[in-house]
Amino acid sequence: MARLLYVEDEEEILRTVKKLFIREGFDVYAARSAPEALELAERHPPDVAVLDVMLQEGPDGSTQTGYDICKALRDRKFRGPVIFLTARTSEQDKLIGFELGADDYVTKPFSMPELVARVRAALRRAGGARARYKFGDVEVDLDNYIIRAPGVEEERLSNREQELLRYLIEHRGQVLPRDQLLTAIWQYNPNVTTRTVDTHILNVRKKLGDDAQRPRFIETMHGVGYRFIADEG
Ligand code: CA
């Protein structure tokens with residue numbers, strides 16, 4: 001479980017985004033100001049930081065920005081990815097952020113699935129997320145888009161199949177509604193319907209050598225969605 005430090009001074013956004021990341025399986029520590037953020041980071045060293053750039057003056061009169069927090073975290077040897085959240089879009093601001101060692105920049109207003117996807121991608125690039133799994137005799141290598149099972153040739157996953165399978169594995173044991181999968185993998189593409197999810201599940205199942213009637217990997221929750229049920233080992 002990745003530990004996320006999240007800094008945001010707007011209460012409503014803070015609550016919404018925090019809830020979202022918890023639901024996505026993150027261990028979330030949220031702060032409203034720079035001093036609070038640095039104190040949390042000290043006590044609970046994060047794997048990744050999502051920092052709002054413009055922060056109101058803190059109760060102690062502090063006027064630090066997300067950039068200041070980033071700099072302070074880096075000074076304290078924090079090496080994980082940093083993603084800035086900002087309403088500002090000028091190139092100059094982005095350059096400041098990247099100079100400070102930011103990994104990504106998300107402009108407000110952002111879509112929640114996009115933010116989660118960016119954070120996951122940053123963690124993967126940083127090597128914080130695993131991408132190779134072994135479920136019994138079946139090996140899933142998401143780095144190389146490959147599934148290996150005994151008695152069959154290597155199966156190659158398409159981009160979407162890889163993303164879908166990754167999402168299922170990262171949320172294993174949870175019932176995932178089709179709508180959630182659609183939003184997570186295809187974002188808000190208007191040309192895509194829940195039928196697309198079903199088709200991709202069918203393909204992934206085939207490549208895993210799974211049987212929909214007696215599933216070992218992906219269980220169908222009728223009228224709802226899917227659940228990944230295999231255990232590692
Ligand atoms: Ca703000």
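Residues numbered from 1 in each chain as written. Predicted model: local features only at pLDDT ≥ 70, side-chain atom pairs only at ≥ 80, totals over all residues. Heavy atoms only, no water.

### Notes on the coordination of the calcium ion
- Bound to the calcium ion are the protein donor atoms Asp9 (OD), Asp52 (OD) and Met54 (O), situated 2.2 to 2.5 Å from the metal.
- The sequence pattern describing where the donors of the calcium ion fall on their chain is D-x42-D-x1-M. Residue Asp9 is located in the loop between strand S1 (3-7) and helix H1 (11-23), and its partner Met54 is located in the loop between strand S3 (48-52) and helix H3 (66-75); the two are separated by 45 residues in the primary sequence.
- Exposure remark for Asp9: the relative accessible area of 13% places this residue in the buried category. (Donors = N, O, S within 2.8 Å, 3.2 Å for Na, K, Ca; no water. Helix = DSSP H or I, 4+ residues; strand = E, 2+ residues; numbered from the N terminus. Buried < 20%, exposed > 50% of the residue type's maximum accessible area, 1.4 Å probe, protein only.)

### With respect to the side chain of Glu161
- Along the chain, the position of Glu161 falls in helix H6 (residues 159-170).
- A polar atom in the side chain of Glu161 sits 2.7 Å from the side chain of Lys207.
- Apart from residues lying up to four places away in sequence, Glu161 is in contact with Arg156, His200, Asn203, Val204 and Lys207. (Polar contact = N/O pair within 3.5 Å; in protein donor to acceptor, adjacent residues only side chain to side chain. Contact = heavy atoms within 4.5 Å.)

### Brief notes about the packing of helix H7 (residues 178-186) against helix H8 (residues 194-208)
- One can describe the packing of H7 onto H8 by two numbers: an axis separation of 9 Å at closest approach and a directional angle of 85°. Comparing their axes, H8 and H7 come out roughly perpendicular. Seen from H7, the contacting residues are Arg178, Asp179, Leu181, Leu182 and Trp186; seen from H8, they are Thr194, Thr196, Val197, Asp198 and His200.
- Tallied by class, residues from the contact of H7 with H8 come to four nonpolar, three polar and three charged. (Axes fitted to C-alpha atoms, helices over the stretch in contact; angles between N-to-C directions. Parallel < 35°, antiparallel > 145°, perpendicular 65-115°, else oblique. Nonpolar A, V, L, I, M, F, W, Y, C, P; charged D, E, K, R; others polar.)

### Some remarks on the confidence of the model for the chain
- Summing up the model confidence of the chain, the mean pLDDT is 88 and the portion of residues at 70 or higher is 96%.
- The spread of mean pLDDT over the elements of the chain runs between helix H4 (residues 91-99), the lowest at 72, and S1, the highest at 97. (pLDDT = per-residue confidence, 0-100.)

### A look at the packing of helix H2 (residues 34-43) against H3
- Closest axis-to-axis distance for the H2/H3 pair is 10 Å, and the angle between their directions is 25°. Comparing their axes, H3 and H2 come out roughly parallel. Considering how the two elements wind past one another, H2 and H3 form a crossing that is right-handed. The residues of H3 that touch H2, namely those facing Ala34, Ala37, Leu38 and Ala41, are Ile69, Ala72 and Leu73.
- When its residues are assigned to classes, the contact of H2 with H3 shows seven nonpolar, no polar and no charged. (Left-handed = near helix turned anticlockwise from the far one by under 90°.)

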